[in-house]
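Residues per chain are reported as follows:
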Amino acid sequence: MKKVIFFSISLLTFAACNKQLDKMPYGVVSTDNFYKTADDAQMAVTAAYKSFQLLDGQNGWNTQAGYTPMGDITGPDVQAHPDLVVYYQIQQSIISASSDQMEMLYQRCYKALLLVNEAIEKIPAIEMDETLKSRYMGELYFIRGFWLFRLGYMFGTAPLVAAPLGISELNVPNSVRTAEFDNSKNVNNYTVTKSNLFDQAEADFKLALQSSIADRNTGDLMGRADKGAVKAYLAQIYLYEHKWNDAKVLLEDIMSYGYALLPDYNDIFNGTHDNSSEAVFEVQYTALNQKGTDNFGTVLNAPNGEGYVAGGGWGWTRPTQDLEWEYEQGDPRLTASIFRKGKDDFFGQVFMDKVNGTGLGIRKWCIGNPPNNNGVTVDQVSWNNSSNYTLVRYAEVLLWYAEVMNELGDRAKAAEYVNKVRARTGTTTDPNTVNQNNIKQLAPVSSTLSYEDMFWAIVHERRVEFAFEGKFGWDLRRWGIASEYLTDPKRWQNQVTPGYFKYKIGKDEVFPIPQIEIDRSGGVLTQNPGY
């Protein structure tokens, strides 16, 4: 049985065919003739990286259409645009297994795995420079681990696919996943005790670390997987599994690689500091090259109808008052992250919430048309731009380390690393030019806090530091506090609509397996509990 490689820009997609399709159509290359040279290997690795640029967008829309909002709408920090009924269903925990959104999120993972599994199988046989081959293989193992990890925390028992599959092999059963709550703890009490997907991702990350990838990339290799990125994702698995000492070693390694926080928090999101000292793993974008490598995130995030950006801004998600309440008085990250109606401005234009949203808009990644673009390349026809998107930044490494040290009983060290992040509030500027804000450096947290008080200090810091970066909803689930947190009557959504959040323990830690995949499997696949 032949496999066919279809070339479309820099993206390779693979399709198995049956005997009726054995004739090779024009414009495609069989795997019998591919994977022969170093150039073939380079193209295959490039195709695997392309999966990040189309992380899980709807159709061709990129990162912000799926990856980030899923981590935000599964928490209380945003409300979706009124057109996105499915986002409300996900947020309320009433999503159906028949949802197109579930299918899209699920299939994106397997499309990426299809690319990377083929490359991992074929590249070892290519005669080429062995050091370069080792680097390519390390990058591929990282990419596969990334997508398997993602399947693990989003879909739980999704099938484990770690090799190219033929037609007769496609009906793969569920993977194993078990988790438990530790009743002796009130917080951070949820542990994934077994996950086939996490186990394979862990094995892949360890293989990547044995390759010739660098500790931290520089120059032309920026944006590719390096040991800093690999260890950041491996550490996340250990956080889910409460392997605190294993995570501690990895995080200390990362901190030895020379990363540093940018002095001004605003600079992380305005496109002027791509591949900065703070970027541990960053999705690379360019614009105006007609190769589908540009970023649509600004349009999806920028406030709807304000006219700040090319395309006007769609405001796919809007900040909530619940998140606004979380910020301490004077925290400059509030105005660096959020537009408030009648108070905050974008290059002199005051935000008016013209489409009657929540009274708040997202400032992060809001990159305007020239001259309000800070030199970032903006395509005013397609509405795309060249700004990168950081999936893991150094501030997160510091706060993970604080969490680990709190779990290991070293409250002073935990406070030290929380305060490293808080200290940047003293060098962050006010982005407003019309209504100036009274911002200040926040006071350090005390090193004498109890275990639970330190935990909640870390929860607070992660929430305000990574607002709209797709983290907090998954954090709540990993910590085992999602039900308590979301169903609290004090949540803004529950005040507006009593009982808005309907989160159920034992069900809503993960999404449902798409019903269409269960149907296609002829019953080989089964549904996650509760759906």
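Visitor: I would appreciate a short explanation of empty space enclosed by the protein in the present structure.
Guide: Under the defined criterion, the tally for this structure stands at nine cavities of 30 Å³ or more. The volume enclosed by the largest cavity comes to roughly 230 Å³. Along the walls of the largest cavity sit 17 residues, with Gln236, Glu396, Lys471, Trp474 and Asp475 positioned nearest its centre. Of all the secondary structure elements, the ones that give two or more residues to the lining of the largest cavity are helix H5 (130-155), helix H7 (227-241), strand S13 (389-393), helix H12 (394-407) and helix H15 (472-479). When residues of the lining of the largest cavity are assigned to their parent elements, the largest contribution, four residues, is made by H7. Across the lining of the largest cavity, the residue classes break down as 10 nonpolar, two polar and five charged.

Visitor: Help me out: how do you make sense of the layout of surface pockets in this one?
Guide: Regions of empty space are outlined by a rolling probe, equal in size to a water molecule, passed over the atoms. Estimates place the volume of the second largest pocket at around 440 Å³. Along the wall of the second largest pocket there are 17 residues; nearest its centre are Thr46, Tyr49, Gln53, Gln284 and Thr293. Within the residue set of the lining of the second largest pocket, elements represented by two or more residues are helix H1 (38-53) and strand S7 (279-283). Counting residues per element, the lining of the second largest pocket draws most heavily on H1, at five residues. In the lining of the second largest pocket, the residues fall into six nonpolar, seven polar and four charged.

Visitor: Would you take a moment to explain unusual backbone geometry for this structure?
Guide: Note: most peptide bonds trans; most residues except glycine with negative phi. For the bond from Pro370 to Pro371, the omega torsion is 10°, close enough to zero to count as cis. As for its placement among the helices and strands, Pro371 is situated in the loop between strand S12 (360-362) and S13. Even without being glycine, Ser93 reaches a positive phi, approximately 65°. Its location among the elements puts Ser93 in the loop between helix H3 (85-92) and helix H4 (100-122). Despite not being glycine, His242 has its phi angle at roughly 60°, a positive value. Assignment of secondary structure puts His242 in the loop between H7 and helix H8 (244-255).

Visitor: Would you take a moment to explain the pattern of salt bridges for this structure?
Guide: Opposite charge on two side chains permits them to pair, given that their charged atoms come into close proximity. In the structure shown here, the tally under the stated rule is 34 salt bridges. Residue Lys194 pairs with Asp199 through a salt bridge whose shortest N-O separation is 2.6 Å. Classification of Asp199 by relative accessible area gives partly exposed; the value is 30%. Through salt bridges with shared partners, one network takes in Glu278, Glu328, Asp331, Arg333, Lys364, Arg393, Arg422, Arg424, Glu461, Glu465 and Glu469.

Cut-offs used in this document
Residues numbered from 1 in each chain as written. Predicted model: local features only at pLDDT ≥ 70, side-chain atom pairs only at ≥ 80, totals over all residues. Heavy atoms only, no water. 1 Å grid on protein atoms, 1.4 Å probe; cavity = no way out; pocket = protein on both sides within 12 Å on 5 of 7 lines; lining within 4 Å. Points joined across faces, edges and corners; volume = space filled by probe spheres on them. Helix = DSSP H or I, 4+ residues; strand = E, 2+ residues; numbered from the N terminus. Nonpolar A, V, L, I, M, F, W, Y, C, P; charged D, E, K, R; others polar. Salt bridge = Lys/Arg side-chain N within 4 Å of Asp/Glu carboxyl O. Buried < 20%, exposed > 50% of the residue type's maximum accessible area, 1.4 Å probe, protein only.

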